[in-house]
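Residue-level structural notes
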There are 2 protein chains.
Amino acid sequence: MTAVFGHLNPDTDAITSALVYASFLRRTGVDATAYRLGEPNLETAFVLRGAGVDLPPLLTELPAGSSVALVDHNESAQSLPGLHDLAVTHVVDHHKLGDLSTNVPVYLRFEPVGCTATILTKLHREANLPIEPTEARLLLSAVLSDTLHFRSPTTTAEDREVVAYLAQIAGITDVSAYAGEMFAAKSDLGDTPAATMLKMDYKVFEFGGRPYGLGVIETTNPAYVLGRKAELLEAMDAEKAASDLAGVLLSVVDILGETNRTLVLSATEERLLTEAFGATVTDGVADLGHRISRKKQIVPALEAYFESR
Amino acid sequence: MTAVFGHLNPDTDAITSALVYASFLRRTGVDATAYRLGEPNLETAFVLRGAGVDLPPLLTELPAGSSVALVDHNESAQSLPGLHDLAVTHVVDHHKLGDLSTNVPVYLRFEPVGCTATILTKLHREANLPIEPTEARLLLSAVLSDTLHFRSPTTTAEDREVVAYLAQIAGITDVSAYAGEMFAAKSDLGDTPAATMLKMDYKVFEFGGRPYGLGVIETTNPAYVLGRKAELLEAMDAEKAASDLAGVLLSVVDILGETNRTLVLSATEERLLTEAFGATVTDGVADLGHRISRKKQIVPALEAYFESR
């Protein structure tokens, strides 16, 4: 059996792509089962509820040598612990290639598009496998989520085409209204604890040989999130100590205004933000302007900054 | 401009795939040029002559930061020196994933099939780009070469389908006869120096953290090659010293008999061959039975052997 899963701290793409790719693999003769590596965020829960689809089961470990298919990630720091001892047979992803390697030939499909679900849609079309309405709804939701309904600079013409194609199959006539509902669901943080908010969309990256935690809160209500700054900074500080990180950044992305304000935890992070991005810091918040994509605008700038030092 | 190339010590797949993928990229709007990283072997020269296609130019270095597309390889030890400082934008390959990593999202297409040309054929069909007869001949030659006309255990149903499809476009009615001519051309070693023979199909791999050179001579006339054992051992010894290798293996693969006899350079290699493969050694030649695929039968066994030590 091949376990199919997206990254830790899963987002909508990580969970829906695992579900759809596991189904795709089964249809092509591979015994595959979808899993998740963490709890769904509010947007993902909204999407699954709307589609009438159950959450895939939580996976926390696998015996060495187990077959796995990765979606929406490839770096071991973002995956199941012990990934290097598992047999990766398939990867479908739209991120940079990290520390993955294999002992035998493997199936890899990476494209620099806005969402894994865009690639999965292409895979179905290439194989002449029809996409069911429920799966079309899941895939469409992932593309809207990852591209912030085409606002993110990661958006490509293929993502737009795929959404138009999937909307027809899913019977979603007003895509903008649906995207608005998704983003409102994601922003309805209510009494979510600050530690949970930090980890909702959070990944660890290595820069200059040391680990940094990069969280993003995409919201239609940035004032609410920034209003909880003190609690969030406490949660970031606790995470930095607990996971022995060199730094933690938490970006509050205003989905509708397309701006990024990043909380500044200490002098280390302040230096990073001002030197790597030329950001100005006011009241412990760095203004990162329109850099709303971690993948395309935050991580590459940090890579370049650390490489130039 | 994006430079497109296959591995060092190029074989037919490395050279023809670079030519066809560069053309494919140009047709999809990427400014791409094909190169080779070494001299063609006798089979590749025969294939290009038959197709009326010029050799791509030799590439020996590129400035740091240059854009490159890799075909038929992905490991830095098999690529242009300084690969880690180049910007890899595309890889089409059918080998295991080695030490590649990127700073930004990338296009990767890896499939565990017999030949890169099989994947390239699929890319054209998915994009609805017709394959010209000359390119069909190049791609078909690569699949016949890499799979030893379907004798290699790396052969998949897709490789067979692709050859049938390409033969029609290329107007090759007797594929077996054409494959026979290719293998005869490859085997016509005449007065080729032993050092050249060693390097005709030769790659360096890391096992247990140390580099090993693995050469293969695929021939319809193994008696001729084994008759030059003394010279070949001298060339292997010189290469081992010059490149500071932990070991050098040279396998003489009988294409028609589907057997592998590997020259034993020293006690180090003898131990490796007897322990990793259970081979018997007679007169300085190890009998590796029907293990005719370096990728599928030699490298994985050596990986497993070094991991278990």
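Residues numbered from 1 in each chain as written. Chains lettered and ligands numbered in written order. Predicted model: local features only at pLDDT ≥ 70, side-chain atom pairs only at ≥ 80, totals over all residues. Heavy atoms only, no water.

**Here we look at the overall build of chain A**
Regarding its fold elements, chain A presents 11 helices and 11 strands. Here chain A has a C-alpha radius of gyration of 19 Å; the compact-globule value for 309 residues is 19 Å, and the two agree. Within chain A, contacts between residues separated by at least 24 positions form 64% of all contacts whose residues are at least 6 apart in sequence. Carbon and sulfur atoms provide 50% of the accessible area of chain A, an area that totals close to 11,800 Å². Of the charged side chains in chain A, 25 are positive and 41 negative, and the gap between their average positions amounts to 3 Å. (Helix = DSSP H or I, 4+ residues; strand = E, 2+ residues; numbered from the N terminus. Rg over C-alpha atoms; globule rule 2.2 N^0.38 Å. Contact = heavy atoms within 4.5 Å. Areas by Shrake-Rupley, 256 points an atom, 1.4 Å probe, with all protein chains shown as cover. Lys, Arg positive; Asp, Glu negative; His and termini not counted. Charge placed at Lys NZ, Arg CZ, Asp CG, Glu CD.)

**Quick notes on helix α3 (residues 116–126) of chain A**
Residue and element names in this part refer to chain A. Among the 11 residues that make up α3, nine are buried, leaving the element largely enclosed by the rest of the structure. Taken together, the buried positions of α3 are occupied by T116, A117, T118, I119, L120, T121, K122, L123 and H124. If you follow the buried residues of α3, they end up packed against α1 (12–27), β3 (67–71), β4 (87–93), β5 (107–110), α4 (133–146) and α5 (157–170). One or two steps after α3, the chain reaches N128, where phi turns positive at roughly 55°. (Buried < 20%, exposed > 50% of the residue type's maximum accessible area, 1.4 Å probe, protein only.)

**Side note on the interface of chain A and chain B**
Taken together, the 22 residues of chain A in the interface contact 22 residues of chain B. Counting the surface lost from both chain A and chain B, the interface buries some 2,100 Å², and carbon and sulfur atoms represent 59% of this. When the buried area of chain A at its contact with chain B is split by residue, L97, N103 and P105 of chain A rank highest and sum to 29% of it. Our enumeration of links across chain A and chain B arrives at zero salt bridges. Counting every contact that joins chain A to chain B gives six residue pairs in polar contact (both at pLDDT 80 or more). Elements represented by at least two residues in the side of chain A that touches chain B include exactly β5 and α11 (294–308) of chain A. (Buried area = accessible area lost by both parts, 1.4 Å probe. Salt bridge = Lys/Arg side-chain N within 4 Å of Asp/Glu carboxyl O. Polar contact = N/O pair within 3.5 Å; in protein donor to acceptor, adjacent residues only side chain to side chain.)

**Let's talk about the sheet that holds strand β3 (residues 67–71) of chain B**
Here 10 strands make up an open sheet; going across it, the order is β2(A)-β1(A)-β3(A)-β4(A)-β5(A)-β5(B)-β4(B)-β3(B)-β1(B)-β2(B) and the pairing mixed. Two strands close off the open sheet at either side, each with one partner strand: β2 (32–34) of chain A together with β2 (32–34) of chain B. Taking each pair of neighbouring strands and ignoring which way they run, the sheet shows an average axis angle of 20°. In terms of strand pairing, β3 of chain A meets β4 of chain A through five bridges, oriented parallel. Following the sheet pairing, A69 of chain A is matched in β4 of chain A by H90 of chain A. The strands touched by helix α1 (residues 12–27) of chain B within the sheet are β1 (2–5), β2, β3, β4 (87–93) and β5 (107–110) of chain B, with β2 of chain B carrying the most contacts at an inclination of about 165°. (Pairing = 2+ DSSP bridges. Axes fitted to C-alpha atoms, helices over the stretch in contact; angles between N-to-C directions.)

**Focus: the packing of aromatic side chains**
All names here are of chain A. Applying the stated rule across the entire model yields 14 aromatic pairs over all chains. Note on Y212 and F306: the rings are 5.4 Å apart at their centroids and 50° apart in plane angle, and the pair reads as tilted. Here F306 lies in helix α11 and Y212 lies in strand β7 (residues 210–219), a separation of 94 residues in the sequence. Comparing Y212 with F306, the two get one shared label, buried. Taken together through their ring pairs, the aromatic side chains of F205, F207, Y212, Y305 and F306 make up a single cluster. Here the basic side chain of R125 rests over the ring of Y165, its NZ or CZ set 3.7 Å away from the ring centre. (Phe/Tyr/Trp six-rings, centres within 6.5 Å; stacked < 30°, edge-to-face > 60°. Lys NZ or Arg CZ within 6 Å of the ring centre and 35° of its normal.)

**What about the relation of the copies chain A and chain B?**
The two copies are related by a screw operation: chain A maps onto chain B through 180° of rotation and 0.0 Å of translation along the axis, at an RMSD of 0.0 Å. What the rotation and shift describe, once combined, is the action of a two-fold rotation axis. Within chain A, the C-alpha atom positioned nearest to the axis of rotation is that of R109 of chain A, 2.5 Å from it. Of the interface residues in chain A, 100% have counterparts in chain B that sit at the interface too, so the contact is made through matching surfaces. (Least-squares fit on C-alpha atoms with pLDDT ≥ 70 in both.)

**Remarks on the confidence of the model for chain A**
Close reading of the predicted structure is inappropriate where its pLDDT is low. The share of residues in chain A with pLDDT of 70 or more is 100%, and the mean pLDDT across the chain is 96. ipTM for the predicted complex: 0.85, alongside a pTM of 0.88. (pLDDT = per-residue confidence, 0-100.)

**Some words on the pattern of salt bridges**
Residues and elements named next belong to chain A. For the coordinates displayed, the defined rule picks out 30 salt bridges over all chains. Close ionic contact of E43 with K186 constitutes a salt bridge, the shortest N to O distance being 3.1 Å. Taken as a pair, E43 in helix α2 (residues 42–51) and K186 in helix α6 (residues 175–187) lie far apart in primary sequence, 143 residues in all. Since its relative accessible area comes to 0%, E43 is described here as buried.

**A look at the pairing of strand β8 (residues 247–254) of chain A**
Residues and elements named next belong to chain A. Of all eight residues in β8, eight are buried, a share of seventy percent or more. Neither face of β8 is left uncovered, since the one carrying G247, L249, S251 and V253 and the one carrying V248, L250, V252 and D254 both have all their residues buried. One ladder, built from eight bridges, connects β7 with β8; its direction is parallel. Residue pairing across strands places V216 opposite S251, the latter belonging to β8. Here β8 folds back onto strand β9 (residues 259–263), and the loop between the two strands holds four residues, one of which, E258, carries a positive phi near 55°.

**Notes on the domain arrangement of chain A**
All names here are of chain A. Segmentation of chain A into domains returns domain 1 (2–184) and domain 2 (194–307). Contacts between domain 1 and domain 2 engage 19 residues on the former and 19 residues on the latter. For domain 1, the biggest contributors to the area lost against domain 2 are N9, L148 and R151; these three give 33% of the whole. One can count two salt bridges joining domain 1 with domain 2. (Domains from an automatic or database assignment.)

**Observations regarding the sheet that holds strand β9 (residues 259–263) of chain B**
Residue and element names in this part refer to chain B. With mixed pairing, six strands are arranged side by side in an open sheet as β6-β7-β8-β9-β11-β10. The open sheet has two edge strands, β6 (202–207) and β10 (280–282), and neither has a second partner. Along the sheet, successive strands turn relative to each other by an average axial angle of 30°, direction set aside. Taken together, the six bridges between β6 and strand β7 (residues 210–219) define a ladder with antiparallel strand orientation. Looking across to β7, one finds that Y202 is bridged to G215. On the sheet, helix α9 (residues 229–242) packs against β6, β8 (247–254), β9 and β11 (285–287) and is oriented at approximately 145° with respect to β8. Together, β6, β7, β8 and β9 form the strand contacts of helix α11 (residues 294–307), whose direction differs from that of β6 by roughly 25°.

**Description of the pairing of β1 of chain B**
All names here are of chain B. Of the two faces of β1, the one lined by T2 and V4 and the one lined by A3 and F5 are each fully buried. In terms of strand pairing, β1 meets β2 through three bridges, oriented parallel. When the sheet's bridge partners are listed, V4 is paired in β2 with A34. Taken together, β1, α1 and β2 form a β-α-β motif whose crossover is right-handed. Where β1 meets β3, four bridges bridge the pair, whose relative direction is parallel. Looking across to β3, one finds that A3 is bridged to V68. (Right-handed = clockwise from strand over helix to strand, strands pointing away.)

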